[in-house]
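An overview of the molecular structure
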Amino acid sequence: MVKGRQLYKCHACGRQFLGGNRIDSAELWREYSELKQTYAQLAERYGCSARTIKRKIDAYTPPKGVASPGKVVVLMDTTYWGRKYGVMLFKDALTDRDLLWYFVKNETNALYAQGIAELEELGYEIPAVVCDGRKGLPMMFPDKKVQLCQFHQQKTVRKYLTKHPKTEAGKELKQIVDMLTETDKESFEGMFGEWCERWDSYLKERTTDPETGKSRYTHKNLRSAYLSIKHNLPLLFTWYDNMEMGIPNTTNRIDGHFSYVKRMLCNHNGMTRKRRDKLVVGFFEASKGKSQ
């Protein structure tokens, strides 16, 4: 063996010669998935065809992560590639390990409940979960502490108010919500309560349609933003009321995870669904099996 290359000997003439680079499948997978090397780059590195690289990667099975069930705080969220291809992920906030994932077409509360139930069947103790503000989702976990992602709450408010509200009330509410992830419970509730009192009559203003005679709230989007905060407020500071549990106030850690996976897939454009699934699962399995 010479620097990773196999040495051969001809039995007929006794001549020795070097073969091509021997390819270690596990190392090839690491370079492909973690180092984001393309088929062409790997083919050049190993002195073979891209077809050979593709065949070896297809034949390789990434090792499954082995984790010991214990107490976890579960972050859960879903991301999509296109309209009908998504991944729902359950991640432990305490160890930063991926625990469970589903490939999904649609994000549903029932699937989130199924994932938590499956983890508990595997032996995980789940005292708390962190999720987005999907309607009805917190009600699926009456026996757990539920923290609504503050970042998702900010996004909801910005959807209604836009990044640049035109009314004074909208500008003030956006300023308050922008501080959500950086302030404590008492301060936020105090600022929001004062805003509600100051703009109470403004929020109740109605406009009558002269043709139908029906009235509607004049500042519909502002009211929607206000009602979203009011409805979710009891679950926006679960982390603050239970600091000893180590509950994050956002799902940003899982969102960053998704961003990394998407960048990784972008480096391998044009792959089949089967190869894409394998790359995603290999990434999650590696996270699941990492040292705690």
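Residues numbered from 1 in each chain as written. Predicted model: local features only at pLDDT ≥ 70, side-chain atom pairs only at ≥ 80, totals over all residues. Heavy atoms only, no water.

1. Re the packing of helix α6 (residues 168–178) against helix α9 (residues 220–232)
Viewed as axis vectors pointing N to C, α6 and α9 meet at an angle of 30°, and their least axial separation amounts to 11 Å. When the axes of α6 and α9 are compared, the pair comes out roughly parallel. Between α6 and α9 lies a crossing of left-handed hand. On α9, the residues touching A169, G170, L173 and V177 of α6 are L222, A225, Y226 and I229. The residue makeup of the contact of α6 with α9, split by class, is seven nonpolar, one polar and no charged. (Axes fitted to C-alpha atoms, helices over the stretch in contact; angles between N-to-C directions. Helix = DSSP H or I, 4+ residues; strand = E, 2+ residues; numbered from the N terminus. Parallel < 35°, antiparallel > 145°, perpendicular 65-115°, else oblique. Left-handed = near helix turned anticlockwise from the far one by under 90°. Contact = heavy atoms within 4.5 Å. Nonpolar A, V, L, I, M, F, W, Y, C, P; charged D, E, K, R; others polar.)

2. Structural notes on the pattern of salt bridges
A side chain with one charge may pair with a side chain of the opposite charge, provided their charged atoms come close. Summed over all chains, the structure comprises 16 salt bridges. A salt bridge links K185 to D241; the shortest N-O distance between them is 3.0 Å. In this pair, K185 is assigned in helix α7 (residues 185–198) and D241 in helix α10 (residues 238–241), connecting sequence segments 56 residues apart. It is possible to trace a salt-bridge network through shared partners that takes in K91, D96 and D98. (Salt bridge = Lys/Arg side-chain N within 4 Å of Asp/Glu carboxyl O.)

3. Details of the packing of helix α5 (residues 150–161) against α6
Two quantities define a packed helix pair, namely the angle between the helix axes and the distance between the axes. Running from amino to carboxyl end, α5 crosses α6 at an angle of 165°, the nearest separation of the two axes being 10 Å. The angle between α5 and α6 places the two elements in the roughly antiparallel class. In this structure, α5 meets α6 at a crossing whose hand is left-handed. For the pair α5 and α6, contact is made by Q154, V157, R158 and L161 and by G170, L173, K174, V177 and D178, respectively.

4. Quick word on helix α2 (residues 39–46)
Buried within α2 are the following residues: Y39, L42, A43 and Y46. Looking straight down α2, one finds its buried side chains confined to an arc of 105°; they lie on one side. Exposed residues pointing more than 90 degrees away from the buried face of α2 are listed as A40, E44 and R45. Note on α2: the residue one or two positions beyond its end, G47, has a positive phi of about 65°. (Buried < 20%, exposed > 50% of the residue type's maximum accessible area, 1.4 Å probe, protein only. Arc of directions from axis to C-beta.)

5. Some details on the pairing of strand β4 (residues 86–92)
In terms of burial, β4 is largely enclosed, as seven of its seven residues are buried. On β4, burial covers both faces: G86, M88, F90 and D92 on one face and V87, L89 and K91 on the other are all buried. Of the strand pairs in this sheet, strand β3 (residues 71–80) and β4 are connected by seven bridges, and their pairing is antiparallel. Bridge pairing in β4 places T78 opposite M88. Pairing geometry for β4 and strand β5 (residues 98–104), over six bridges, is antiparallel. Looking across to β5, one finds that G86 is bridged to V104. Where β4 hands over to β5, the hairpin turn is made up of five residues, of which D96 adopts a positive phi near 65°. (Pairing = 2+ DSSP bridges.)

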